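This is what each chain is made of:
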Amino acid sequence: DAKTTQPTSMDCAEGRAANLPCNHSTISGNEYVYWYRQIHSQGPQYIIHGLKNNETNEMASLIITEDRKSSTLILPHATLRDTAVYYCIVRVSGPFQGAQKLVFGQGTRLTINP
Amino acid sequence: DSGVTQTPKHLITATGQRVTLRCSPRSGDLSVYWYQQSLDQGLQFLIQYYNGEERAKGNILERFSAQQFPDLHSELNLSSLELGDSALYFCASSVDGSAPTTDTQYFGPGTRLTVL
């Protein structure tokens, strides 16, 4: 699985959009970008994933560059409850592509300020 | 609430002891994964089961073992416990591994193990 690089920490004001970048320059054509977050010591929470098209769900939007070497997770209206560690993970998906483990890096610690 | 349940929430035990952690996957999910999160190692994959069979192994110690039962719940057994085994243990589940929409992993709330 490709390696990802994320900033160690970020701050965002409550109500503003939080934009979390992730670099994955060695991503392969069949690898997806997944985002999870972990609030304090709770279980990681799935947010969104995508292959090459931009994706949006009720939680966030995922913007993947055309060359797929980087992506941005957007929380459109951040609240205090969005304070968490956000993990960007690249992995192969689909028909039992070997181990389906998630490889977590250090993530970005996002703090939403009132 | 992800739909994945784990028991117990907290476990305090002594070195040398053996414990069993339990995980019930989301209804309909066939795959179960175990992860360990310690302060110095971060979140690490331990092992995956699919429909009762072991599918993949990660950095799981020989003192640790797991199984998935016919009703699809899973247990992680930790024996000869050491101080360094103190960690959060998470279970995750996914439907299966056949498509990107069905192998997304959903995590449980975890079991906090403290070895004294």
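Heads up: the structure comes first, above all this text.
Small disclaimer: the values here were computed from a predicted structure and weren't measured.

A. Spotlight on the interface of chain A and chain B. Facing 21 residues of chain A, the contacting portion of chain B comprises 24 residues. Taken over both partners, the interface formed by chain A and chain B buries close to 1,800 Å², and the fraction arising from carbon and sulfur atoms is 57%. Put simply, chain A and chain B have 1 salt bridge between them. Put simply, Asp-103 of chain B and Arg-91 of chain A hold a salt bridge, and the shortest N to O gap is 3.6 Å. At the boundary of chain A with chain B, the tally comes to 5 residue pairs in polar contact (both at pLDDT 80 or more). Secondary-structure elements contributing two or more residues to the side of chain A that touches chain B are strand 3 (31-38), strand 4 (45-50) and strand 8 (84-92) of chain A. Counting residues per element, the side of chain A that touches chain B draws most heavily on strand 3 of chain A, which supplies 4 residues. In the side of chain A that touches chain B, the residues fall into 11 nonpolar, 8 polar and 2 charged.

B. Structural context of the sheet that holds strand 3 of chain A. Residue and element names in this part refer to chain A. The sheet built from 5 strands is open, its strands ordered 1-9-8-3-4 with mixed pairing. In this open sheet, the two strands that pair with only one neighbour each are strand 1 (9-13) and strand 4. Taking each pair of neighbouring strands and ignoring which way they run, the sheet shows an average axis angle of 25 degrees. Summarising the sheet, strand 3 and strand 8 pair through 8 bridges and their orientation is antiparallel. Bridge pairing links Glu-31 to Val-92 in strand 8.

C. Highlighting the state of the cysteines. All chains considered together, the criterion is met by 2 disulfides over all chains. Disulfide pairing is shown between Cys-22 of chain A and Cys-88 of chain A; the S-S distance is 2.1 Å. Judged by the sign of its S-S torsion, about -80 degrees, the cystine formed by Cys-22 of chain A and Cys-88 of chain A is left-handed. Taken together, the positions of Cys-22 of chain A in strand 2 (residues 18-23) and Cys-88 of chain A in strand 8 put the pair 66 residues apart, joining distant regions of the chain. Like Cys-22 of chain A, the residue Cys-88 of chain A is buried in the burial classification. With its sulfur 1.8 Å from that of its partner, Cys-23 of chain B forms a disulfide with Cys-91 of chain B. On the sign convention where negative means left-handed, the S-S torsion of about -50 degrees between Cys-23 of chain B and Cys-91 of chain B marks this disulfide as left-handed. Placement of Cys-23 of chain B in strand 3 (residues 19-24) and of Cys-91 of chain B in strand 9 (residues 87-94) is noted, with a sequence separation of 68 residues between them. The pair formed by Cys-23 of chain B and Cys-91 of chain B is uniform in burial state, with each residue classed as buried. Not part of a disulfide, Cys-12 of chain A finds its nearest cysteine sulfur in Cys-22 of chain A, a span of 18 Å.

The rules behind each value
Residues numbered from 1 in each chain as written. Chains lettered and ligands numbered in written order. Predicted model: local features only at pLDDT ≥ 70, side-chain atom pairs only at ≥ 80, totals over all residues. Heavy atoms only, no water. Contact = heavy atoms within 4.5 Å. Buried area = accessible area lost by both parts, 1.4 Å probe. Salt bridge = Lys/Arg side-chain N within 4 Å of Asp/Glu carboxyl O. Polar contact = N/O pair within 3.5 Å; in protein donor to acceptor, adjacent residues only side chain to side chain. Helix = DSSP H or I, 4+ residues; strand = E, 2+ residues; numbered from the N terminus. Nonpolar A, V, L, I, M, F, W, Y, C, P; charged D, E, K, R; others polar. Pairing = 2+ DSSP bridges. Axes fitted to C-alpha atoms, helices over the stretch in contact; angles between N-to-C directions. Disulfide = S-S within 2.5 Å. Buried < 20%, exposed > 50% of the residue type's maximum accessible area, 1.4 Å probe, protein only.

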